[in-house]
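# Geometric and topological summary
Here is how the chains run, residue by residue.
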Amino acid sequence: MNPPENANDKFAIEIDGLECRYGDRVVLEGVSFAVKRGEIFFIIGGNGCGKSTLLRHLIGLRMPARGTVRYSGRDFTHAEPRERQALLRTFGVLYQGGALWSSMTLHENVALPLELYTDLPEKDRAEVVALKLAQVGLAGYGDYFPGELSGGMQRRAGLARALALDPDIVFFDEPSAGLDPVTSLKLDELVQQIHATLGTTIVIVSHELASIFGIAHRVVMLDRDARGVIAEGDPCALRDGSDNPRVREFLNRRSGAVPAEGSK
Amino acid sequence: MSENKPQARAEAVREGDTLVVHVGGEWKITNPRPAWTSLVEGETVKRIRLIADQLDGWDSSLALFIREARAWSEAQGAAFVLEGLPAGAERLAQLLAQKPAKPPAQPHGLPDLFAVVGQATFKLWVEVKDIAWLVGECAFSGGRFFRGRAQFRWSDCVVEMQQCGAMVLPIVGLISFLVGIIMAYQGAVQLRQFGADVYVADLVGLSVVREMGPMMAAIVLAGRTGAAFAATLATMKANEEIDALETLGVSPIDFLVMPRMTALFLMMPLLAIYSNFLGILGGMLISWTILDIPTSLYWTETKSIIDLSDLSTGLIKAATFGVIIGLSGCLRGLKSDRSAAGVGQAATSAVVSGILLIIVSDAIYAVIFNSLGW
Ligand SMILES: Nc1ncnc2c1ncn2[C@@H]1O[C@H](COP(=O)(O)OP(=O)(O)OP(=O)(O)O)[C@@H](O)[C@H]1O
Ligand SMILES: [Mg+2]
């Protein structure tokens, strides 16, 4: 949203030589790619290849063993606490189940980031919250508790909260998991709409082929055996012309793309 | 219909070296089936022919039977031949016959003493580190709070205060009152033998104010509030709600732990005073009804024996217990597994470790106050 400050700023996120591990177990190593500003970017791959792991490292919930993550050219991994706080505020995250705070109403959920990080008076805040809820099609649901909503509504409410501070980047963890095809299509449309109105950079972890071909500008594909990125680019081009058979098979929904679970 | 189909049956006929087994009827896993071992009891043969010529129906139970038969004949060193088995049943039996690639790991004998001691020590070390981590984080958070930079919401704190203050008044009151009655009753029986009835007031007053009041309040809160904290935080962790706070740049310590700790720290001494009062009231009731001590005398006696140092030791303990309950509840919640079982475990261990630490700290305080002469 901010005008580019320098040439480096073309990229919203740059990932350089990232290594992710749990204890001694290396899940990903040498992962490098970059997400352009204003792009809808997908991280795809079979079950257990480390998509969620990568996401947790990108948003700072886990420290990478090696490598750096930069947002708009600013180092996030080695940032001072204050700088880190500032960078955290430039992105929103939509968690897999919505992760709404269950003891608060939808209104309070969306209002909390505004309350903490803006000086808006109570009345303006309420208006912004109403706007965000309307944006995701939940106008009038402000007084509901998360437990009183269906899974799809919770997902959308989570999106409203992720958008509360008008972030430059929004991360989605498996947005369509557990949604019916029509609802997940609607969610895709919502994503496109937000992208079009706010120019937000969007990073989605998913293996929903329909969404990938529907809205992705670019994808990276991770692989469990390679422990890293095996393909990067336009999804349709990769489907038809990747030199890696695994990538073609995954995108064409044929078996053989994903190594059997539990195999070494 | 299936009711009038014949039951599963198997008959063995010996023909020279060969045992011929005919199976038939309806084989269902929910119905009884013949056991192979009783069929071939005491037989020694070179060959087994299993003929399935009168089958009305079959399922996995037939496959189990065939597996048993095959295992037995292998043990006997006899050849095993299957005849007339439906193709599906044959495939099922083959799946069962496949040996697992790896033999199941032998259960270990008695675990090595050194290993057990080592593991227990390591676990203890990890727990000590966790407690130190949380205490340190809370200290930092307290520092931020006093500089006005903590993301601490008084509204949350007030809600928690209500939960661990006002809402527990009935149960804490009842328990303290009954404890007062019990102590007065026990004391009265002994003291009456010496004609020292009035000292019941001293006995009840001192033990309630110094020990039982804070302790009863703490134990009720450990069971109620400590478990609730652990379960709430563990559920929030399992639902990624805590992750959502962290990515918003909000410290879960400031936002979730500190309001709860503050609420307990402030409420516990108040609850202890309330509990003291009701305990003394219980003692008074018994003295009045059973020992015929006038309530005014009882009250004067109580006032003369309890001084400020007794009251303050009780209150210092109560505040400490509050911190302990909060720490163990929040720690178990924050460090729980992200699963339903993790939530249950967190709640249980919060109560157990909370009560344990309360008793331990009470013992430590007993030594300290004794040496200070309070
Ligand atoms: N907390 C953890 N501790 C240890 N290992 C973990 C942990 N979380 C994930 N892993 C391991 O890391 C690997 C990658 O897991 P991850 O959850 O990132 O996969 P994924 O690509 O998101 O899969 P899915 O599509 O099924 O969600 C897996 O092999 C998993 O066993
Ligand atoms: Mg995942």
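Residues numbered from 1 in each chain as written. Chains lettered and ligands numbered in written order. Predicted model: local features only at pLDDT ≥ 70, side-chain atom pairs only at ≥ 80, totals over all residues. Heavy atoms only, no water.

### Thoughts on the pattern of salt bridges
Residues and elements named next belong to chain A.
- Counted under the stated rule, the structure contains 26 salt bridges over all chains.
- Note that glutamate 39 and arginine 218 form a salt bridge whose closest N and O atoms lie 2.8 Å from each other. Pair noted here: glutamate 39 is in the loop between strand S2 (25-36) and strand S3 (40-44) and arginine 218 is in strand S9 (residues 218-223), with a separation of 179 residues, a long-range link. Arginine 218 carries the same exposure label as glutamate 39, and that label is buried.
- Taking the shortest distance from any N to any O, the salt bridge between arginine 218 and glutamate 232 comes out at 3.1 Å. Taken together, the residues arginine 218 in strand S9 and glutamate 232 in strand S10 (residues 228-233) connect sequence positions 14 residues apart.
- With relative accessibility at 14%, the residue arginine 218 sits in the buried group.
- Because the salt bridges share partners, they merge into one network encompassing Glu19, Arg21 and Arg66. (Salt bridge = Lys/Arg side-chain N within 4 Å of Asp/Glu carboxyl O. Helix = DSSP H or I, 4+ residues; strand = E, 2+ residues; numbered from the N terminus. Buried < 20%, exposed > 50% of the residue type's maximum accessible area, 1.4 Å probe, protein only.)

### Here we look at unusual backbone geometry
All names here are of chain A.
- Backbone geometry places serine 72, a non-glycine residue, at a positive phi of 45 degrees.
- Within the element layout of this structure, serine 72 appears in the loop between strand S4 (66-71) and strand S5 (74-75).
- By relative accessible area, which is 25% here, serine 72 ends up partly exposed.
- At aspartate 166, a residue that is not glycine, the phi angle is positive and equals roughly 45 degrees.

### Description of the sheet that holds strand S7 (residues 169-173) of chain A
All names here are of chain A.
- The sheet built from six strands is open, its strands ordered S6-S7-S8-S3-S9-S10 with mixed pairing. Across the chains shown, the open sheet's two edge strands, defined by having one partner strand only, are strand S6 (91-94) and S10. For this sheet the average axis-to-axis angle between neighbouring strands, irrespective of direction, equals 15 degrees.
- Where S9 and S10 come together, five bridges link them in antiparallel fashion. Its bridge partner being in S10, valine 219 is matched across the sheet by glycine 233. (Pairing = 2+ DSSP bridges. Axes fitted to C-alpha atoms, helices over the stretch in contact; angles between N-to-C directions.)

### Observations regarding the site of ligand 1
Residues and elements named next belong to chain A.
- As a structural note, the neighbourhood of ligand 1 is formed by 13 residues, with Arg25, Gly48, Lys51, Ser52 and Thr53 the closest of them.
- Between serine 52 and ligand 1, the recorded distance is 2.7 Å, taken from a side-chain N or O atom to an oxygen atom.
- At 2.4 Å, a side-chain N or O of threonine 53 approaches an oxygen atom of ligand 1.
- A total of 640 Å² of accessible area belongs to ligand 1 in isolation, and the protein chains cover 62% of it.
- Mapped onto the shell around ligand 1, the elements with two or more residues apiece are S2 and helix H1 (51-58).
- Considering every element that reaches the shell around ligand 1, the biggest residue donor is H1, with three residues.
- Of the residues belonging to the shell around ligand 1, the class tally is three nonpolar, seven polar and three charged. (Near = heavy atom within 4 Å. Polar contact = N/O pair within 3.5 Å; in protein donor to acceptor, adjacent residues only side chain to side chain. Areas by Shrake-Rupley, 256 points an atom, 1.4 Å probe, with all protein chains shown as cover. Nonpolar A, V, L, I, M, F, W, Y, C, P; charged D, E, K, R; others polar.)

### Points about the interface of chain B and chain A
- Each partner contributes to the interface: chain B provides 17 residues, whereas chain A provides 22 residues.
- Roughly 1,600 Å² is buried in total at the junction of chain B and chain A, and carbon and sulfur atoms are behind 57% of that figure.
- Among the residues of chain B in contact with chain A, Glu240, Thr247 and Leu248 of chain B are the three that bury the most area, contributing 36% of the side total.
- Our count for the contact surface shared by chain B and chain A stands at two salt bridges.
- One can count 11 residue pairs in polar contact (both at pLDDT 80 or more) joining chain B with chain A.
- For the side of chain B that touches chain A, the element with the most residues is helix H8 (residues 241-247) of chain B, which contributes six residues.
- Taken together, the residues of the side of chain B that touches chain A break down into six nonpolar, four polar and seven charged. (Contact = heavy atoms within 4.5 Å. Buried area = accessible area lost by both parts, 1.4 Å probe.)

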